[in-house]
Amino acid sequence: MFARSTFRASALFRGRRRPFSSSPPSSPSESQIETLEALQSNPSLIPKEMVPLLTQVSKAHPDIIGNAAEPSVRQLQLVALGQAVPFVGFGIMDNMIMILSGDYIDMTLGVVFGISTLCAAAIGNIMSDLAGVGLGTVIEDFAAKLGLPEPRVSSAQMKLRSVRFAGQAGCAAGITVGCIIGMFPLLFIDSKKIEKKKKEAALDGIFLDVVNEAKELVGAEATTLFIVEGDIIYAKYVGGMKSAHIKEIRIPVGKGIAGRVALTGEPALIYDVRNEPDFNSKFDSEGFITRSMLCIPVVDGEGKVIGVVQAINKVASKVAGGRDREGEPEGKRRRRKGFSHQDQQVLQALCSHISVALQGLDADD
């Protein structure tokens with residue numbers, strides 16, 4: 001049957017082998033229609049030189065070519081394979097670039113500007129989409145060089161529901177496999193490291209706010225925020241001290257005045273630290289001597305001490321015109337005897353806000 005169809009196809013197109021003829025062939029006879037239908041169901045029998053002419057016939061007589069025969073299972077499999085392979089490459093590229101760029105954005109812009117991980121992922125997705133536009137042709141060319149077998153389906157068969165479904169299934173399977181493979185960067189990304197950096201950046205902001213603002217609220221020469229971490233308390237910044245190079249202090253819980261407050265949870269209002277056996281003068285430096293001190297614990301909702309705010313050396317507060325409350329010019333402030341109970345109440349109110357901020361960071365973990 002197929003041999004006869006091929007022979008009759010040759011007779012049909014004899015004398016019409018000009019591939020780029022501008023005029024379509026005349027209406028075929030019944031026997032020629034039978035030949036066309038046979039060739040349509042088995043495109044592999046079509047000689048290469050006859051493909052352009054058959055295309056012209058298809059356009060000129062859609063009623064003949066419209067009823068395309070269903071392709072074989074093997075052909076549908078090849079259609080799905082031809083669509084799946086390029087989409088595997090697209091999936092790998094898309095997910096890999098999105099994860100890597102999103103992670104980098106999260107570690108940089110996320111830490112600096114405090115944007116969420118989802119926002120960083122969205123920006124990473126934009127970058128992967130742009131990369132897909134640029135690399136799409138490269139992936140398609142690479143897939144073409146693999147030499148995959150062709151399904152050999154006609155243009156009419158390509159419009160069949162079964163062929164379209166096979167192509168869509170191949171795309172879905174390919175992109176799924178590619179995206180799964182493209183997730184491999186997750187094996188090398190430490191998400192906890194990013195969250196730790198974000199928490200450290202947020203803590204730095206709290207540290208700086210306290211050391212810059214608390215000293216003005218209570219009229220202190222220097223202020224420090226200590227965070228309880230296991231058996232130690234640590235501070236990163238000491239505001240107001242001339243020895244600004246001291247950026248991190250670590251003290252065991254129970255040692256020193258601040259360590260004692262962290263252990264007992266009781267505030268310490270000291271007018272003269274020289275009379276305190278727990279006072280440690282090693283943090284004093286040339287030009288800075290600790291005289292008075294006020295330490296207030298920062299407690300969470302369960303009453304557990306999570307930090308200590310320390311104010312050192314009560315001084316007169318500034319007023320308008322650069323003069324203090326007692327008329328002394330700025331730079332010549334007289335040190336008072338010590339902090340008052342009103343200062344203690346002000347600092348306790350500040351510690352309540354600090355507690356909310358610190359607990360918010362722990363909740364984000």
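This structure is a prediction, so every number in the text was calculated from the model and none was measured. Counting starts from 1 at the beginning of each chain's written sequence and moves along it residue by residue. For this predicted model, a pLDDT threshold of at least 70 governs which residues receive local features, and a threshold of 80 or more governs which side-chain atom pairs are given and counted, while totals over whole chains, interfaces and linings are taken from all residues. Excluded from the side-chain calculation are hydrogens and water; included are all heavy atoms of the structure.

> What am I meant to see in the overall build of the chain here?
What counts as a helix is a DSSP run of H or I of at least four residues, what counts as a strand is a run of E of at least two, and both are numbered from the N terminus. When helices and strands are tallied, the chain shows 11 helices and 9 strands. Burial here depends on accessible area, computed with a 1.4 Å probe over protein chains only, as a share of the maximum for the residue type. Under 20% is buried, over 50% is exposed, and the range in between is partly exposed. In the chain, which comprises 365 residues, the proportion classed as buried is 38%.

> Where do I start with helix α10 (residues 256-264) in this structure?
The α-helix winds at 3.6 residues per turn, so residues separated by three or four positions along the chain end up facing the same way. Those residues of α10 not exposed but buried are Gly-256, Ile-257, Ala-258, Gly-259, Val-261 and Ala-262. Here a residue-residue contact requires only that any non-hydrogen atoms of the pair lie within 4.5 Å. Buried residues in α10 make contact with β1 (220-229), β2 (232-235), β4 (249-252), β5 (268-270), β6 (293-299) and β7 (305-314). A positive phi of about 75° marks Gly-265, the residue just after α10.

> Would you mind going over the packing of helix α5 (residues 73-113) against helix α9 (residues 191-218) with me for this structure?
For any two helices packed against each other, one specifies the inter-axial angle together with the distance between the axes. Geometry is summarised by axes, namely lines fitted to C-alpha atoms with helices restricted to the contacting stretch, and by angles between N-to-C directions that run from 0 to 180 degrees. In contact at an axis separation of 9 Å, α5 and α9 are set at 5° when each is read in the N-to-C sense. One element, α5, and the other, α9, form an angle in the roughly parallel class. Each of Asp-103, Asp-106, Met-107, Gly-110 and Val-111 in α5 lies in contact with α9, whose residues at this interface are Ile-194, Lys-197, Lys-198 and Ala-201. Between 65 and 115 degrees an angle is taken as roughly perpendicular, under 35 as roughly parallel, over 145 as roughly antiparallel, and anywhere else as oblique.

> Looking at this model, I keep getting lost on the pattern of salt bridges. Mind explaining?
Salt bridges are counted wherever a side-chain nitrogen of Lys or Arg sits within 4 Å of a carboxyl oxygen of Asp or Glu. Applying the stated rule across the entire model yields 5 salt bridges. Across the pair Arg-250 and Glu-229 runs a salt bridge, and its minimum N-O distance is 3.8 Å. With Arg-250 in strand β4 and Glu-229 in strand β1, this pair connects stretches of sequence that are 21 residues apart. Here Glu-229 falls in the partly exposed class, since its relative accessible area comes to 45%. A salt bridge links Lys-314 to Asp-343; its shortest N-O distance comes to 3.0 Å. Pair noted here: Lys-314 is in strand β7 and Asp-343 is in helix α11 (residues 341-364), with a separation of 29 residues, a long-range link. Taking the relative accessible area as the measure of exposure, Lys-314 reaches 5% and is therefore buried. Members of the salt-bridge network, linked through shared partners, are Arg-260, Glu-276 and Asp-278.

> When you look at the pairing of β2 in this model, what are you seeing that I'm missing?
Note that β1 and β2 share 3 bridges and pair antiparallel. Each bridged residue has a counterpart across the sheet, and for Val-228 the counterpart in β2 is Ile-233. Where β2 lies against β4, 4 bridges are found, and the strand directions are antiparallel. Bridge pairing in β4 links Ile-233 to Ile-251. Two strands form a pair only when DSSP identifies at least two bridges running between them.

> Explanation requested: the environment of Lys-255 in the structure shown.
Structurally, the position occupied by Lys-255 is in the loop between β4 and α10. Once the C-alpha coordinates of Lys-255 and Phe-279 are considered, the two residues, 24 residues apart in sequence, prove to be 8.7 Å apart.

> Quick question: what am I supposed to make of the pairing of β1 here?
Regular strands have side chains that alternate between both faces of the sheet. Burial analysis of β1 places 8 of its 10 residues in the buried class, which makes it a mostly covered element. Examined bridge by bridge, β1 and β7 share 7 bridges and lie antiparallel to one another. Within the sheet, the bridge partner assigned to Ile-227 lies in β7 and is Gly-307.

> Would you explain the confidence of the model for the chain in this entry?
Confidence of the prediction at every residue is given by pLDDT, a number between 0 and 100. Mean pLDDT over the chain works out to 77, with 71% of the residues at or above the 70 mark. Looking at the elements of the chain, mean pLDDT is at its lowest for helix α1 (residues 2-12), recorded as 43, and at its highest for helix α8 (residues 161-181), recorded as 94. Counting interchain partners and residues more than four positions distant, the pLDDT-below-50 stretch residues 1-25 has 36 contacts. Confidence over residues 318-334 falls short of pLDDT 50; this stretch has 27 contacts with residues more than four positions distant or in other chains.

> Can you help me understand the nonpolar core in this one?
A general trend in soluble globular proteins is that nonpolar side chains are found buried together. For our purposes a nonpolar core is just a set of buried Ala, Val, Leu, Ile, Met, Phe, Trp, Tyr and Cys residues, chained together by side-chain atoms within 4.5 Å. Counting 23 residues, the largest nonpolar core has Leu-225, Val-309, Leu-347, Ile-354 and Leu-358 as its most contacted members. Mapped by element, the contributors of at least two residues to this core are α9, β1, β6, β7 and α11. Beyond its immediate stretch of four places on either side in the chain, Leu-347 contacts Ala-214, Val-218, Leu-294, Ile-296, Val-309 and Ala-311. Membership of the second largest hydrophobic core comes to 19 residues, among which are Ile-233, Ala-235, Ile-251 and Met-293.

> Just checking my understanding: could you explain helix α6 (residues 117-144) for this structure?
Over its 28 residues, α6 extends 38 Å from the first C-alpha to the last, a length consistent with the 40 Å expected when each residue adds 1.5 Å. The largest bend in α6 is about 50°, located at Leu-135. Within α6, burial applies to Ala-120, Gly-124, Ser-128, Ala-131, Gly-132, Gly-136, Ile-139 and Ala-143. Against α5 lie the buried residues of α6. Here, expected helix span is obtained from the residue count minus one, scaled by 1.5 Å. What we call the bend at a residue is the angle made by axes fitted to the seven residues finishing there and the seven residues starting there.

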